[in-house]
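So the chains spell out like this:
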Amino acid sequence: YAHGKSGWEDFANDMGKVYNWHIISKSKHASTAKNHIDKIVGFFSKIDPVLGKKAANAKPSENASNGASKKSAAGGKKRKSDGKDSSDSSPKKKATGSNGSLSLSQREKRAMELLSSYLEECGGEKSQSQNFRCQVVQRPGGRFDTAFFSAENKRFKSMTDVARFLNLAKAPKKGLANISKKGRGSKDVQARRLKRELEKLKKSKVKATKALEDHENNVNPTDQLLIAQESFWDDGSNAAKAHKEGRVLPRANIECFPGIPAHCIPDLLLVWDFFCTFCRVLSLEPIELDDFAAALSFRVSAADRNSQTVGELDLNPPSFIPVYLSECHIALLRLLVKDVTSDLWWWSILETPEMVEQEDEYLGDRKRRPVTAVVKIDMESLLAVDEDPLVTTKWLQALEDVRTRKPDSSGPIKSAVKNAIAVTTNQHVKAYLKKAMRSWKAKSAGVVKRAVVWLIDRMKEARPDLWGRKVSTEEISQQKKLVAEEAALEMENIIEEVNDDNDGDMNLEGDSDDESDSDDDEGSDNEDEFADQSQQPPSPSKQRSSVAVKENDETMPVTTFVPVKPVPSIVDLLLPPGKPALPTDLVSSLSWPSVIGATSCRVYQWYKRRRNEVDDSIREFRELKPMSVADRRRREACASSRILSECGDFTGAGHNHIESAINHLCDGNDYLDLTAVQRLGILRMLIEAAYDTHHIQLSIEDNFKARVNAVKALDAEERRAKKAAKEELTAMESAARERLATEGREAFMATKREEVIEDIKASKEYSVEFIESLNDEDIIDLDDDTKAEYEALPTAESFNKAEVNAVVKKIQEETAFGVESLTVLTLEKIEK
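The written sequence of each chain sets the order in which its residues are numbered from 1. Reporting of local features is limited, given that this is a predicted model, to residues whose pLDDT is at least 70; pairs of side-chain atoms are given and counted only at 80 or more, and all residues count toward the totals for whole chains, interfaces and linings. Each side-chain value is derived from all of the structure's non-hydrogen atoms; neither hydrogens nor water enter the calculation.

## Remarks on helix 3 (residues 49-57)
How we decide: To sort residues, take the accessible area from a 1.4 Å probe on protein chains only and compare it with the maximum for the residue type: under 20% means buried, over 50% means exposed, and anything in between is partly exposed. Only DSSP runs of H or I covering at least 4 residues are called helices, and only runs of E covering at least 2 are called strands; the numbering of each starts at the N terminus. Picture the helix axis, draw a direction to every C-beta atom, and the arc is the one those directions span.
When we look at burial in helix 3, the residues that qualify are Leu51, Gly52 and Ala55. One side of helix 3 holds all its buried residues, which, seen down the axis, span an arc of 105°. Those residues of helix 3 that are exposed and aimed more than 90 degrees away from the buried face are Pro49, Lys53 and Asn57.

Structure, rendered in structure tokens:
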């Protein structure tokens, strides 16, 4: 060096000022200057360590720093100062420069150097950074994340967090550095939101204006039809003829069917739906609703009825009944008769109260119905007698045998009463039993049984202490009083006639098995507490030894749920004694209406009994008084509406359509004489019974199971389709990401190849053929910068959803067109 040692010192000082000026002024070359000054210091230290120190500690003059600040302020490249020292703000991000070519270890070393400098600026020492370590991680998008860890492995996201952790004096407080930025960001977001709302309102205004214009300029579409030829309408229909003649056709009534009243439409739909739903079970072919309604309302003209020759015997008269109606009735009849449930209602018209009592008399007390009083007695005086409890229990046990006896077992009933009279010491009980025995007859002791059973039930209610219950004396007195009051109310409905003196009491000493076989006694067999309330009064010769019941139906309680037995019809007399067995010759195209009438009568009688049972059970459950005979008759009069609860007879009708139709058919009359409402009522009654059959119930269960299985199969298919669609979409998204990554690499390689070609052409070092023979790997390995840029290219996972969806849409279009690549050309590109 020309000046010797002093020249080297000046040279080292000048070089240090150049690099330190960039570092202090924080220009765009500051990061490069920091890396280079270390190398400069190393070069000077090899010559002389003193030169290295001079280069490292050389500082630029204040004029140069002020000039650089003025230049930066004049250029407007930096933000205005807020009057605070730079150490109060978070550290600025350094310019990237050529950092893309650095490795991860170099980046970590550089980050630690920056941390040392930042800690010193915040009032700390560089040595404090030795307690921390740095880790740099490259993200899929090519971005590098830097994190610092303390000796305790506590993670810090930035150098500012490290300074706060060390409690340095000049460390920026948390949240103060970004206040203005956050405020400005929130204002920008609000402004953008208001702008979007304004755009929506403008679009809505445009749509509303357009809709208003369309409404004001609306023209009837039929007015725009241009009918050039009149023959267009002339198709030979009634409408065309009316149009030619200038007549106006009446408006079609689509709310009802001809011949079917409006209130019967629900019944019509119910019946038609039943035949369509269970067509396989009934072996029927489904029919249109209009055709079914026409069949129900079909009427034979007078000309067709009089077409047969008078006086000739026609063994096979023609049937004018619609074929579908015949098939429906026969199918229903076969379904009902062959089902086991028909055994319940086929004998319903033969049921009597006595038969029901014989069926139920061996059931428990819960199934037994309450008995009404038939013999008058002063129950209060009877209960007031102080009798030994053991004696009372004995005569009650003796009478208990009467409950299990049939009404025609007059001998055992008489013996039990005799034993009770002999045991008891209560004169009121003896008098009551003797009065009851006055109506005793051989083979008919129903009245006696009713009187005895009534007395046993009242004694059980009044004396619960006799059956092992621990009851106080006050409770027994209250129970006796209650039973006496109820018995007094029952006694008001009984009139006891005075007997002649010659009759006296019945001879109880005679043989109990002495029974008369006279025909007069046979008419009163099976008489019991369920006897019909409307039976005829006894003859004058027997009134002296019997008890008459008042004919006050409004107050008399009903004692049986069996409805009044219908009068046998002609069809009932012609039918065989047993239930028809299939196949049978009783049902044909001519005889089925009569058999249908008899079947409907039995079903109707059975459902009337079922409704009576429900009424009695509900009143018993709610602890209400038994229904009166008048109420029962009124309920049975409207039984059709109660049985067919969905629709039933029209409330405005003056008579019962179902009963009149049943009587008409049971008398052997013609089916076509029935009205459409009556035919519909017969079908409703048969369908009501069909719903209770096992075949229909099994069909409903099968249909329900099939529907459940179909729903499950449909759900499984939907899940499988969704899964397949999801897998297909996932595969498309993966393919789209791979395509984006591939396109990015190809574009990068094409750009680099062009740059290399240009550089080599300028230097003329290699031939063009050699350059073109280079593959992608050769171009990547040309220098470290190219390799680092290639490695920093975005991977398949780094693309956002919008970019991927755009490529997925393009792939779907290519799949739809059946091509591998699809290019969209505009008209301008085509013309070029």
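Next comes the rest of the account.
## Re the sheet that holds strand 2 (residues 144-149)
The condition that has to hold: Strand pairing is defined by DSSP finding a minimum of two bridges between the two strands. We call two residues contacting when some pair of their heavy atoms lies within 4.5 Å. Orientation is described by axes fitted as lines to C-alpha atoms, over the contacting stretch for helices, and by angles from 0 to 180 degrees between their N-to-C directions.
An order of 1-2-3 is seen for the three strands of this open sheet, with the pairing classed as antiparallel. Two strands bound the open sheet, and with one partner strand each, they are strand 1 (133-138) and strand 3 (155-156). Summarising the sheet, strand 2 and strand 3 pair through two bridges and their orientation is antiparallel. Paired with Phe149 across the two strands is Arg155, which belongs to strand 3. Against the sheet, helix 5 (residues 104-121) engages strand 1 and strand 2, with an angle of about 135° to strand 1.

## A closer look at the packing of aromatic side chains
Applicable threshold: Only the six-membered ring of Trp is used, alongside the rings of Phe and Tyr, when aromatic pairs are assigned; centres must lie within 6.5 Å, and planes under 30 degrees apart are stacked while those over 60 apart are edge-to-face, with the rest tilted.
The full count for this structure, using the stated rule, is 16 aromatic pairs. Between Phe275 and Phe292, the aromatic rings sit 6.0 Å apart at their centres with planes inclined by 70°, giving edge-to-face as the arrangement. Placement of the pair is Phe275 in helix 9 (residues 265-277) and Phe292 in helix 11 (residues 289-296), with a sequence separation of 17 residues. With a centroid separation of 6.4 Å and an interplanar angle of 85°, the aromatic rings of Phe275 and Tyr324 are classed as edge-to-face.

## Points about the nonpolar core
Operational definition: For this analysis, a nonpolar core means a set of buried residues of the types Ala, Val, Leu, Ile, Met, Phe, Trp, Tyr and Cys, connected via side-chain atoms within 4.5 Å.
Counting residues in hydrophobic clusters, the biggest one holds 62 residues, and the most contacted among them are Ile260, Leu268, Phe274, Phe275, Phe292 and Leu332. Of all the secondary-structure elements, those providing two or more residues to this core are helix 9, helix 11, helix 13 (323-338), helix 24 (592-621), helix 26 (639-643), helix 27 (657-666) and helix 28 (676-690). The element contributing the most residues to this core is helix 28, with ten residues. Ignoring any residue separated from it by four or fewer positions in sequence, one finds Leu268 in contact with Phe257, Ile260, Leu289, Phe292, Ala293, Leu296 and Leu680. Counting residues in hydrophobic clusters, the runner-up holds 36 residues, among them Leu383, Trp395, Leu396 and Ala487.

## Considering the pattern of salt bridges
A side chain with one charge may pair with a side chain of the opposite charge, provided their charged atoms come close. Threshold: Salt bridge, as applied in this entry: a Lys or Arg side-chain nitrogen positioned within 4 Å of an Asp or Glu carboxyl oxygen.
Tallying each qualifying case throughout the model produces 21 salt bridges. Between Arg403 and Asp457 there is a salt bridge; the shortest N-O distance is 2.8 Å. Within this pair, whereas Arg403 is found in helix 17 (residues 389-403), its partner Asp457 is found in helix 20 (residues 446-462), the two being separated by 54 residues in sequence. Summarising the burial analysis for this pair, Arg403 and Asp457 share the class buried. The shortest N-O distance in the salt bridge between Arg463 and Asp465 comes to 3.2 Å. Judged by relative accessible area, Arg463 falls into the buried class, the value being 12%.

## Considering the confidence of the model for the chain
Note the threshold: Looking at any residue, its pLDDT shows the predictor's confidence there, from 0 to 100.
Of all residues in the chain, 73% have pLDDT values of 70 or greater, and the mean over the chain is 75. In this model, residues 309-316 is a region of pLDDT below 50 whose contacts with residues beyond four sequence positions or in other chains number one contact. Confidence drops under a pLDDT of 50 for residues 650-654, and excluding neighbours within four residues, the segment shows one contact in the predicted structure.

## Some words on the state of the cysteines
Which entries qualify depends on this criterion: A pair of sulfur atoms, both from cysteines and within 2.5 Å, is called a disulfide here.
Per the counting criterion, the structure on display carries zero disulfides. With no disulfide of its own, Cys328 lies closest to Cys276 among cysteine sulfurs, the gap being 9.4 Å. Taking relative accessible area as the criterion, Cys328 reaches 0% and is therefore assigned buried.

## As for the environment of Lys441
Counting through the fold element by element, Lys441 comes out in the loop between helix 19 (427-437) and helix 20. The exposure class of Lys441 is partly exposed, given its relative accessible area of 26%.

## Structural notes on a positive patch on the surface
Here is the rule: Here, patches come from residues exposed beyond 30% relative accessible area and free of salt bridges, joined within 9 Å for like charges and within 5 Å for nonpolar side chains (Val, Leu, Ile, Met, Phe, Trp, Tyr). Each accessible area value is a Shrake-Rupley result obtained with a 1.4 Å probe; residue values ignore everything except the protein chains displayed when judging cover. Charge counting treats Lys and Arg as positive and Asp and Glu as negative, with His and both chain ends excluded. For charged residues, the charge sits on one atom: NZ in Lys, CZ in Arg, CG in Asp, CD in Glu.
Taken together, Arg192, Arg193, Arg196, Lys200, Lys203 and Lys207 make up a surface patch of like positive charges. Tracing the sequence through the fold places Arg196 in helix 7 (residues 179-216).

## What to know about the side chain of Thr786
With respect to the helices, strands and loops of the structure, Thr786 is situated in helix 32 (residues 784-791). The residues touching Thr786, leaving out its near neighbours within four places in the chain, are Phe748, Lys752, Ile779 and Ile780.

## Section: a negative patch on the surface
A cluster of acidic side chains, namely Asp378, Glu380, Glu485 and Glu486, defines a negative patch on the protein surface. Its location among the elements puts Glu485 in helix 21 (residues 473-491). Look at Glu485 and you get partly exposed, because its relative accessible area is 44%.

## Here's the deal with helix 25 (residues 629-637)
Among all positions in helix 25, only Val629, Ala630, Arg632 and Glu636 are buried. Buried residues in helix 25, looked at end-on, bunch into an arc of 160°, giving them a common side.

## Here's the deal with the packing of helix 18 (residues 410-423) against helix 19
Keep this limit in mind: An angle below 35 degrees is read as roughly parallel, one above 145 as roughly antiparallel, one from 65 to 115 as roughly perpendicular, and any other as oblique. By the definition used in this description, the sense in which the near helix is turned from the far one sets the handedness, with an anticlockwise turn below a right angle giving left-handed and a clockwise turn giving right-handed. Three classes are used, and their members are as follows: Ala, Val, Leu, Ile, Met, Phe, Trp, Tyr, Cys and Pro are nonpolar, Asp, Glu, Lys and Arg are charged, and the others, Gly among them, are polar.
Where helix 18 contacts helix 19, the axes come no closer than 10 Å and their chain directions differ by 160°. The pairing of helix 18 with helix 19 is recorded here as roughly antiparallel in orientation. Regarding helix 18 and helix 19, the two cross each other, and that crossing is left-handed. In this structure, helix 18 contributes Lys414, Val417, Ala420 and Ile421 to the contact, and helix 19 contributes Lys430, Leu433, Lys434 and Met437. Residues of the contact of helix 18 with helix 19, tallied by class, amount to five nonpolar, no polar and three charged.

## A closer look at the packing of helix 17 against helix 20
Where helix 17 meets helix 20, the axes come as close as 9 Å, and the angle between the chain directions of the two elements is 135°. Relative to helix 20, helix 17 is oriented oblique. Considering the relative orientation of helix 17 and helix 20, their crossing is left-handed. Counted together, Thr392, Trp395, Leu396, Leu399, Glu400, Val402 and Arg403 of helix 17 and Lys449, Val452, Val453, Leu455, Ile456, Asp457, Met459 and Lys460 of helix 20 form the full contact between these two elements. The class makeup of the residues in the contact of helix 17 with helix 20 is nine nonpolar, one polar and five charged.

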